[in-house]
Each structure stands twice: as structure tokens, then as C-alpha cells.
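Read off the chains here:
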Amino acid sequence: MFIKSTLIMAFMAVAVAGFTLATKDHDSPEDKIKLAKSARLEPQTMLAADNSSAGGSSGQPVDLQTLADHIQAAAPSAVLSDTPSKSANTTAADSIAQATPQQAQPQSTQPPMPQQANPAQAADNQPKVDESALRYFASRGDKARLQAEISRLQTLYPNWTPPADPLAIPQNSDKQLEAMWQLYSEGRYAEVRKAIADRQTTESGWQPPADLLERLDIAEARTRLVNASDLKQYQTVIDIGARTPSLLTCSDIDILWRVAEAFIRTDRAARGEDAYKYILKTCTNPQERLATIQKAAALLPYQPMQNLLSLEKPDGNGGREFDSIRTDLARRFVAQGNDDPKLTVSQDYLSQVERVARSQGLASDDALLGWYYLRRSDYPDAEQWFKAAHEKEDSATISQGLALVLIADRKPQEAEDAMYKWRNESKDAMATYLAATANLMALQPPANLSEDVLGRIAAEVVKQKYVPTAQQFGWFARSMNQPQAAARWFETALRWKPDDEPSAYGLAITRNQLNDRVGVAEVQRLWAGRSQRIAVLGEPAPRTPTSEPLPSPNQALHPAPQTFPQTTRQQGGPQNVQPMASRVAPQSPVTQPYVNGQIPVQQITPARRAPSPNYAEPDTRARVATRSTRQAAGCNTTVNAQLLTPANALSRGWCLMNLNRPMEAVEAFDVALSNTDPKSREEAAYGQSLAYLRAGLANDAAVAATKAPMNHQRAAELQVAILADRALSAFEGKRYHETLLYLDQRAQLQQERADLMVLRGYCYLNLKMYDDAERIFTAVAATGSRDGSRGLRDLQLTLHPPRGEY
């Protein structure tokens, strides 16, 4: 009898409809997992999916006939499979065979529907069914388990009709079996096993009901699966699920969740997504469906979650079933966008977070949006949201985001102030603070910093041994005409990073300024073969082809095009701090009259800017000097440079330069920089540097020149032009020490032209360095320059002012 019952159970099991998480490899355990409404349901937790919403308190009477009618009317579920390779006609037998290949496969795709029969035939066809569990649950008033048992038996025995009153079933006098069912219902499975073994020992030939053994196997498998999941033994979870497919039904949603998580944790996210899809396509309990989305959102990335959300249903009240967690989902997706700057989150989710940020006023929502926009270099929006968050809550994370935006927006002084008190919160916080200090010390013109701010920055830089800011302190000291302090900072930076070439160059030119020839020679010896500009320091510049002819009086300064090394100020600067420097906009000339020996700026006509000559698109096969002018007719109309190809954008950039529209040319060259051809990228960076120079933005020209490698000739030319432009801007701002600094640096690279020598002479004159001014003006006047002669006259007027000018 036992063998016959077992064969019947095995045959009926392979006919039950189910769900298999299928992949191409059907031999692995996880490929054998089948999510199905099983014929073997664990009475504690397994409720048929079709009846999961029915039921009530265990103390109320059960309308068994209604339940039976409902079960009979419900067709068994078909095989559910989302795998594209599966045919729509895949049979239940095929699915079961994949999960348990050792079992025989029936021909039909699902158990036959109950047939209508007359009472006499029905009586003859009634199968012999073990109704002991049915009677036990009914006697206990356990409605949920009773319903599950009726559903199970109806699935196993389609011709079986549930009794109208299970309590009317003839009572079994087997009290020991009743005790075993009691232990089983209490989850005391080991004791059930022991009771079975004890009875088989005392009663030879007694066999427990097959139903009890099967239920016991399933319950024990469930316990092992849950324990493995709790211990994070995810492969074990998958193996148990493969061996026990009857666990994987809507009646035990927790097991489905655990199997889905196991797939995801073992790098099979697509299989986990399939499990969640099965729940959303099959299971109907609203609370469980909502919890499924919440659990999936914690484990799956953005795009798979959109696939799951597409299975959302209306809630019957004009809304959607997941509306209650829509805001939390939007926050989670925006946060995922913060982690992955390549991920584009739907505008609907961004708008949702923006609305709740304004309505609820939480700083966390403001910061969430700030990080999202910052990661996409949308600095205006990022600054708006970070400032809103900072006003509500001054925390380390919010201050860090705000500081990064301020650095990108060229406001390092505000960034340093925002991050100072949070600098020790984390390594990232310290890195952000130090980046702010490096950018702050690199500002052009130098920031007006108090002694307290300078002191705290210096203390932190020394404590952290941060080379970029130490190097910038050296350039800052030079701009303040403090060469001794500059040399010490450069030496300190080199102690921390001996291979920092910008610091070595800064030390060399500072020692040269201090007439420390031995010190300069030492730096040159240490850097021999590693830095060309250090090696040639102090050597006279060649006077042949590389030098330009002396300009005639009143000739305007036209910066010659060339590349610029990656520096923030004076060929130095932090290598990984963005942006590298702030803009120095040209200032209007001073127009006050000549009074008390102060030389008015507008008198120095040789060094003033004037419109640059026409630029032609460079011919990559010839020298710069052989370029021919390109016609400007093709760029008279305004177009969006972003819509052009890189090659067309490059041509348009040179055309715009000839029309004296440098800022439009900047945009065109920026598009051209996306070209994959190295030579075209060089041309684009070169053109953008020239455009910035035309607009009077020397620092931006320096940054543009670093966007692509350039040949040595262009590097030298652009560097000379940028330094000349900076010198002129500093002079127009009456920053005479700074002007001399730029002129000195330029003189290291190329012989000084007459107009720049005149500029130097007027710097000396305004700084009351009369002997130096006289030496310069005399030398320029000797070439026949009227500007030199006029400089000498201005010097005499300063030393011997006419009466009545006081």
C-alpha cells in the first residue's frame, strides 16, 4: 500500500503546473528550481495561491462546500516562464523534468479538469484519500491549514470531493498518529521522526501515512533553506530550492524572496529578477506584492527595477498599487544615480524628489539632488540644492558636497571656510578641504587672506604633508615679493615629493632671484636630463629665429600662439585639483592725471592690447608661419556648436577667430576636442587657447592648453603669450610686483621685446626703483624707440617734478 501510494504521489506531482527559473544550462541546481503551485504543501505556511486572500480567524466556522466549489471551478495554473527561448506551449511535464529529471513525464500538460458525473458514477470513481490531516485541522478549527489541505487534495485527486463536514469523517482511534500530527503542526519535526521510529520498532509492519512523510520532508527542507539564508549560505539556498520545488509558491512568499536574494547575492541578478517577476505576475496579496518591490529595490539596480515596476496594477481607487512607496523608490533611484554618474535617472523620479524636498523641507533630500547634479557637472543646480541643504543642516557630507561645487565654480575661499571644521571627519572630507586650499592659494590675482586663515591652512598642509598646497604657498609668497618664504615652501614640497618638477622649477627661479647661483646650480644638477626649463635657466635666450623683431612705437602686443604646461600659476600648481585657477579679467586703464610722480597707466601705449590679427586654421603639415588666412564667410550665422561634428567644429572655430568672436570660437573648439584624432585634438586645444587669449582670459588659455599634448614649439609660444598677457593684466591692475614676476618668467623663455621692456621700466618707476627704471628706459631709447625716450622723460619728471604740480 505504501509503494502504491508513493507511485501515485510521484505521478501526480509531475502533472502539477509550476514555474521554472530557466536558463540555457539546465544541468545546474539553480536551473532546476521550479516555482509552482505544488501538490505537496507544508501545512504551516503553504496556502494555495488562488486562495491566499480567503480565510479568517481560526475560530469561525468554515463553509467547506463553498471552498470546494471554488477549488473545483479554478483551473490548475499553467507553467510560467519568462525565458524568451521557451515556447508558449511549454508543458508542465517539461518544466518538472528540468527540476527533477529522474521522474517520469506524463503526456498531459496539466491535471485534467474535474468531470461532471452523475452521483452513481461519482461514488464509483471516488479515490481512496487519506483524510486524517483534513480531519485533524478541522477539529482544531485551523481554517487556513484546512483550506490548504483541501486545495492540496483537490489538486492530487481531481475526482475527490471534499466532505461537507470533515468532523463527520469516522474517527480514527489511532491516538499515536494523532499525536504525530500534533507534533507536526507545532513544528517539532525531530520529535515526529522519533515517534515514527519508536512506533515502527514496537509495531512490526506499521507504516506512517505517505502524506505525513511527504509533508515532513517539505517542512524540514524549508527549515534548512531558511537557516542557510540566515547564515548567508546562498548556494545552499539555491540547492535546497532545486530539490524541493513545492516550496516555491505564492503560499510561502518568504521562501521566494529568499531564493531571489540568493540568486542576486551569487551574481545571478537576472535570475533573481525572474523570481520577483514570478511573484508580481502570479501572486495576488497586495501587501506581499508591495513588500516584494521593497525587497527587490534593496538588491537590484535601476533598470531591472523599472522592469518590475512595469508589472504594477491599478489599486482600484484611481491610483497605482505602489503609490505609497513611490517617493522612497524615487529617492533610492536618485541615490543610485549618485553612485553611477553614467546612469540617467528618469526625470519623473527627479521631479518627485524635488517636490518632496520643497514640501517636506528635509536637508537629506536637498543633498541627494545636490550630489546627483554634481556627479553630472551641473554645477549651478548642484550649488542651489547644496546651499539649501546647508542652510537646514551643516553636516560633514553636505559641507563636502557644497565645497566641491564651490571649487568647481572657482570659489575656493568659500569652500575652504565651509570645510575647515569638518576636515577631520573622514579621508574624503580631508581631501576635499586640501583641494580647496590648493585652489585658494592658486587664485589669480592672489586672494586677500587674513593671517588666521593663512595660518590654519599652513598648519594643516604641514600636518598632512600636502604637496600641491605647499607648492602653491611658494608661488603665493613670490607674488607677495617674499622670495625667502617662497624658497622655503618649495624646499618643503620637494622634501615631501622629491620628483615634483613644478616645485623644483619654482625653487630654481626663486634662488635665481635671490642671486643664489650655487643653489640654482644644485637644482640644475639634481634635475639634469629631467627638466628642460630648469636646465636652461639663466642662459641667454637666442636672438635669432625664435626672437621677434622689435615693434615700432605704439605697436600693440599680439600674443603669439603656443602651449602651456599643466600649471596653476607660474608653471606650478596642483596636478589633480580642478579647476586649476580662477579667471583674471582685464581691468580698465587708470585715467587719473600725472600727480606726485605716479605714472598713469594709459601713457604706456606700447604694451596695450589691440585686436589680434586674423587666425587661419592650422595646416598640420606645415609650420605655424606658413598658415594662410581662411575665409570667414562660412560662420556668419549663429549655430549650436554642440550639433557639429568635431571636424566641422574645428573649422568653424578658426573661422570665428577671424570674425573676432573668440567666445563662440571657444565653444566650437571645445566640441572639436572630442575628436579621437590626436592631431585634431592638438589643433582644437591650440585654437581654444588662442581664443581665450583673444578674450583676455589668460588663465583659461593656460587650462585649455593642457587638454591635449602639443609640440614643443607651440608649447613655448603659448607659454610666452600667456605670461605676457598676465603681465599686462597685472600692470593694468597696478599690481607692479606681480607684473615683474610674470615678466621675469617670460624672460626665462624668450628675449624680452622692447614694448615689454617699457612695461618693466614703468613698473620700476611706480615702485620707486629709479635706478632700475633708468637702466631699462636708456636701453630701449638706444634702439630708437620713442617709448624709451618718453620713459626717460617721465622718470625725470618724477625725480624733478615741475612746480605747481603738487
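Residues numbered from 1 in each chain as written. Predicted model: local features only at pLDDT ≥ 70, side-chain atom pairs only at ≥ 80, totals over all residues. Heavy atoms only, no water.

Caption draft 1: Quick look at the overall build of the protein. The secondary structure content of the protein amounts to 36 helices and two strands. Taken over 806 residues, the protein has a buried fraction of 53%. Across the protein, contacts joining residues at least 24 apart in sequence account for 66% of those joining residues at least 6 apart. Accessible surface for the protein amounts to roughly 37300 Å². Of this, 51% is attributable to carbon and sulfur atoms. (Helix = DSSP H or I, 4+ residues; strand = E, 2+ residues; numbered from the N terminus. Buried < 20%, exposed > 50% of the residue type's maximum accessible area, 1.4 Å probe, protein only. Contact = heavy atoms within 4.5 Å. Areas by Shrake-Rupley, 256 points an atom, 1.4 Å probe, with all protein chains shown as cover.)

Caption draft 2: Looking closely at the packing of aromatic side chains. The tally for this structure, following the rule as stated, stands at 14 aromatic pairs. For the pair Phe-473 and Trp-489, a centre-to-centre distance of 4.3 Å together with 10 degrees between the ring planes defines the contact as stacked. On the criterion of sequence distance, the pair formed by Phe-473 in helix α23 (residues 467-479) and Trp-489 in helix α24 (residues 483-496) is long-range, its members being 16 residues apart. Aromatic side chains Phe-731 and Tyr-736 sit 5.5 Å apart centroid to centroid with 65 degrees between the ring planes, which places their arrangement in the edge-to-face category. For the pair formed by Phe-731 and Tyr-736, the shared burial category is buried. (Phe/Tyr/Trp six-rings, centres within 6.5 Å; stacked < 30°, edge-to-face > 60°.)

Caption draft 3: Main features of the state of the cysteines. Going through the model one piece at a time under the given rule, you end up with one disulfide. Between Cys-250 and Cys-283 runs a disulfide, and the two sulfur atoms are separated by 1.9 Å. Residues Cys-250 and Cys-283 share a disulfide whose torsion about the S-S bond is about -85 degrees; that sign makes it left-handed. Note that Cys-250 is positioned in the loop between α10 (234-243) and α11 (253-265) and Cys-283 in the loop between α12 (269-282) and α13 (286-297), a separation of 33 residues in sequence. (Disulfide = S-S within 2.5 Å.)

Caption draft 4: Geometry of helix α36 (residues 786-799). Taking 1.5 Å per residue as the helical rise, α36 with its 14 residues ought to reach 20 Å, and the 20 Å between its terminal C-alpha atoms agrees with that figure. The complete set of buried residues in α36 reads Asp-787, Gly-788, Gly-791, Asp-794, Leu-795 and Thr-798. The buried residues of α36 occupy an angular sector of 115 degrees when the element is viewed end-on, so they sit on one face. The elements touched by buried residues of α36 are α34 (754-766) and α35 (770-781). (Expected span 1.5 Å × (residues − 1). Arc of directions from axis to C-beta.)

Caption draft 5: Quick look at the nonpolar core. Formed by 94 residues in total, the largest nonpolar core has its most connected members in Tyr-276 and Ile-293. Once residues lying within four places of it in the same chain are set aside, the contact partners of Ile-293 are Leu-280, Met-305, Leu-308, Leu-309, Phe-322, Ile-325 and Leu-329. Counting 33 residues, the second largest nonpolar core, distinct from the first, contains Ala-641, Cys-655, Leu-656 and Ala-705. (Core = buried A, V, L, I, M, F, W, Y, C linked by side-chain atoms within 4.5 Å.)

Caption draft 6: Broad picture of the confidence of the model for the protein. Counting all residues, the mean pLDDT for the protein is 73, and 69% of those residues have values of 70 or more. At the low end of the mean pLDDT range in the protein sits helix α3 (residues 92-99), at 33; at the high end sits α11, at 95. Low pLDDT (under 50) marks residues 1-123, which in the prediction has 228 contacts with non-local residues, meaning those over four places away or in another chain. The low-confidence segment residues 541-633, where pLDDT is below 50, has 257 contacts with residues more than four positions distant or belonging to other chains. (pLDDT = per-residue confidence, 0-100.)

Caption draft 7: Molecular detail of the packing of helix α30 (residues 678-694) against helix α31 (residues 698-705). With their axes 8 Å apart at the nearest point, α30 and α31 run at an angle of 175 degrees to one another. Of the possible angle classes, the one that applies to α30 and α31 is roughly antiparallel. Across the interface between the two elements, Ala-685, Gln-688, Ser-689, Tyr-692 and Leu-693 of α30 pack against Ala-698, Asp-700, Ala-701, Ala-704 and Ala-705 of α31. For the contact of α30 with α31, the per-class residue count stands at seven nonpolar, two polar and one charged. (Axes fitted to C-alpha atoms, helices over the stretch in contact; angles between N-to-C directions. Parallel < 35°, antiparallel > 145°, perpendicular 65-115°, else oblique. Nonpolar A, V, L, I, M, F, W, Y, C, P; charged D, E, K, R; others polar.)

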